[in-house]
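Remarks on the overall topology
Chain residues, written in single-letter form:
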Amino acid sequence: RSYTSGFSSSRADVLFQRPDLRRDVKTLRALASAEISSGNPESAVELLERALHAQIAEVGERNVTAVDVLAELAGAYLALDDDVSAMRTANHALDVLDQSDGISTLSRVGPNTALSEIFIAAGDYERAEELLNEAAEICRKHVRRGDIQTYHALSALSLLRLAQGRNSDAENVAREAL
C-alpha cells in the first residue's frame, strides 16, 4: 500500500545508496523529522513511506511502531497542506491500532496523543477529544503521576479544551497535568 503523492527526493535517494540505512526504521524516522524541520515535507513523506514499508516487511503492520510511523506520515501530509491524505492516514493508523493484537492499553497513550494532534489540525475536535480522553483515562489508571506520557496527554487535552472555549475545564486538566 502506498501513501505517497508521487514525490521524489534526491537527498533520500542518495541516502538509500547505503544498504544499512535502506531499512533502518529508526534512522528513516529521524531523517524525516529533520526534513520536516528543514521545510521539506515532500522528502519526509518519502522517508516515512520507506520506514513504513520496512517496518511492515520486518514485522507486519499491526504494531505500535507502524502506528507511530503512520501518525508521523499524517503529520507530514499536514505540512504539505494535504488534509485529505493526512486524515486518511490518521484514520488508517487508528484502524491498525484497533485491530492489533498484543498492543497493551498503555501503549495506546502515545499514538492517541500524536493522532489527536492531526485531528486538531484538521479541525476534527470531537475525534481528537475522544482520543485524548482515552489517553488521559489510561494514564490516570496505569501511569504514575508526573510521568511524561501523562503530562503530554493531559496538556494536549487541556489545550484542546482551551481551543474549544472550555476554559474552566482546560484549567482543571492543566492543573492535573502539573
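These numbers come from a predicted model, not from an experiment. All chains use their own residue numbering, which begins from 1 and follows the written sequence. In keeping with the model being predicted, local features are shown solely for residues with a pLDDT of at least 70 and side-chain atom pairs are shown and tallied solely at 80 or more, while totals for entire chains, interfaces and linings include all residues. Computation of side-chain values covers all heavy atoms of the structure but excludes hydrogens and water.

This next bit is on the overall build of the chain. Note on conventions: DSSP H or I runs of at least 4 residues are helices, E runs of at least 2 residues are strands, and numbering of each starts at the N terminus. In terms of helices and strands, the chain carries ten helices and zero strands. In the chain, the succession of helices and strands from N to C terminus is α-α-α-α-α-α-α-α-α-α. Counting contacts in the chain only where the partners sit at least 6 residues apart, residues at least 24 apart contribute 60% of the total. Note on areas: Shrake-Rupley with a 1.4 Å probe; residue coverage comes only from the protein chains shown. Carbon together with sulfur atoms contributes 48% to the accessible area of the chain, which is approximately 9,200 Å² in total. Between two residues, a contact is recorded if the distance between any of their heavy atoms is within 4.5 Å.

Our focus in this paragraph is the nonpolar core. Nine residue types can take part in a nonpolar core, namely buried Ala, Val, Leu, Ile, Met, Phe, Trp, Tyr and Cys, and a core is a set of them joined through side-chain atoms within 4.5 Å. Only protein chains enter the accessibility calculation, which uses a 1.4 Å probe; a residue is then buried when its area is under 20% of its type maximum, exposed when over 50%, and partly exposed in between. Among the nonpolar cores identified, the biggest contains 41 residues, and L48, V67, V69, A90, L115, I118 and F119 are the most heavily contacted of them. For this core, the secondary structure elements donating two or more residues are α3 (25-37), α4 (41-59), α5 (64-79), α6 (83-99), α7 (109-121), α8 (125-142), α9 (148-163) and α10 (167-177). Broken down by element, the residue count for this core peaks at ten residues, all from α5. Not counting chain neighbours up to four residues away, the residues in contact with F119 comprise M87, A90, N91, L94, D124, Y125, R127, A128 and L131.

Okay, the packing of aromatic side chains next. Any Phe, Tyr or Trp ring, taking Trp's six-membered ring, that has another such ring centre within 6.5 Å forms a pair; planes under 30 degrees apart are called stacked, those over 60 apart edge-to-face, and the others tilted. Summed over the entire model, instances satisfying the criterion amount to zero aromatic pairs. By the criterion adopted, a ring carries a charge over it if an Arg CZ or a Lys NZ lies within 6 Å of its centre and within 35 degrees of its normal. The ring of F119 carries the charged tip of R127 above its face, separated from the ring centre by 5.9 Å.

The relative placement of two packed helices comes down to the angle between their axes together with the axis-to-axis distance. In this analysis an axis means a line fitted to C-alpha atoms, helices contributing only their contacting stretch, and an angle means the value between N-to-C directions, from 0 to 180 degrees. Close contact between α8 and α9 brings their axes to 9 Å; oriented N to C, the two are set at 145°. Handedness of the crossing formed by α8 with α9: left-handed. Only Q149, T150, A153, L154, A156, L157, L160 and R161 of α9 make contact with α8, whose side of the interface consists of Y125, A128, E129, L132, N133, A135, A136, C139 and R140. Here the residues of the contact of α8 with α9 are counted per class, giving eleven nonpolar, three polar and three charged. Left-handed describes a crossing whose near helix is turned anticlockwise from the far helix by less than a right angle; the clockwise case is right-handed. Gly falls in the polar group here, along with every residue not listed as nonpolar (Ala, Val, Leu, Ile, Met, Phe, Trp, Tyr, Cys, Pro) or charged (Asp, Glu, Lys, Arg).

Let us now look at the confidence of the model for the chain. Residues with a pLDDT of 70 or more make up 87% of the chain, whose mean pLDDT is 86. pLDDT measures the predictor's confidence residue by residue and takes values from 0 up to 100. Confidence drops under a pLDDT of 50 for residues 1-10, and excluding neighbours within four residues, the segment shows 25 contacts in the predicted structure.

It is worth spelling out the pattern of salt bridges at this point. Between Lys or Arg on one side and Asp or Glu on the other, a salt bridge is scored when a side-chain nitrogen of the former is within 4 Å of a carboxyl oxygen of the latter. Under the counting rule described, the total for this entry stands at eleven salt bridges. Put simply, E129, R161, R166 and D169 are held in one network by salt bridges that share partners.

Estimated volume of the largest pocket: approximately 200 Å³. R29, A32, S33, I36, L48, A71, E72, G75, A114, E117 and I118 together form the lining of the largest pocket. Elements with a contribution of two residues or more to the lining of the largest pocket: α3, α5 and α7. Here the element with the most residues in the lining of the largest pocket is α3; it accounts for four residues. When the residues that make up the lining of the largest pocket are grouped by side-chain class, the tally is six nonpolar, two polar and three charged. In this analysis, the protein atoms alone were mapped onto a 1 Å grid. Cavities are point sets where a 1.4 Å probe fits without being able to get out; pockets are open sets with protein on both sides within 12 Å along at least five of seven lines; lining residues have an atom within 4 Å of a point. Grid points are joined across faces, edges and corners, and a volume is the space filled by probe spheres set on the points.

Okay, a nonpolar patch on the surface next. Patches were defined on residues exceeding 30% relative accessible area and lacking a salt bridge, with like-charge contacts within 9 Å and nonpolar side-chain contacts (Val, Leu, Ile, Met, Phe, Trp, Tyr) within 5 Å. Taken together, the side chains of I148, Y151 and L178 define a hydrophobic patch exposed on the protein surface, amounting to about 360 Å² of accessible area. Mapped onto the elements, L178 comes out in the segment after α10. Under the relative-accessibility criterion, L178 is labelled exposed at 79%.

This part is about α7. Expected span of a helix, by definition, is 1.5 Å for each gap between consecutive residues, and there is one gap fewer than residues. Between its terminal C-alpha atoms α7 stretches 19 Å, which fits the 18 Å expected from 13 residues at 1.5 Å a residue. Within the span of α7, buried status applies to V109, P111, N112, T113, L115, S116, I118 and F119. Elements that come into contact with the buried residues of α7 comprise α5, α6, α8 and α9. Of the residues trailing α7, G123 is marked for its positive phi of about 85°.

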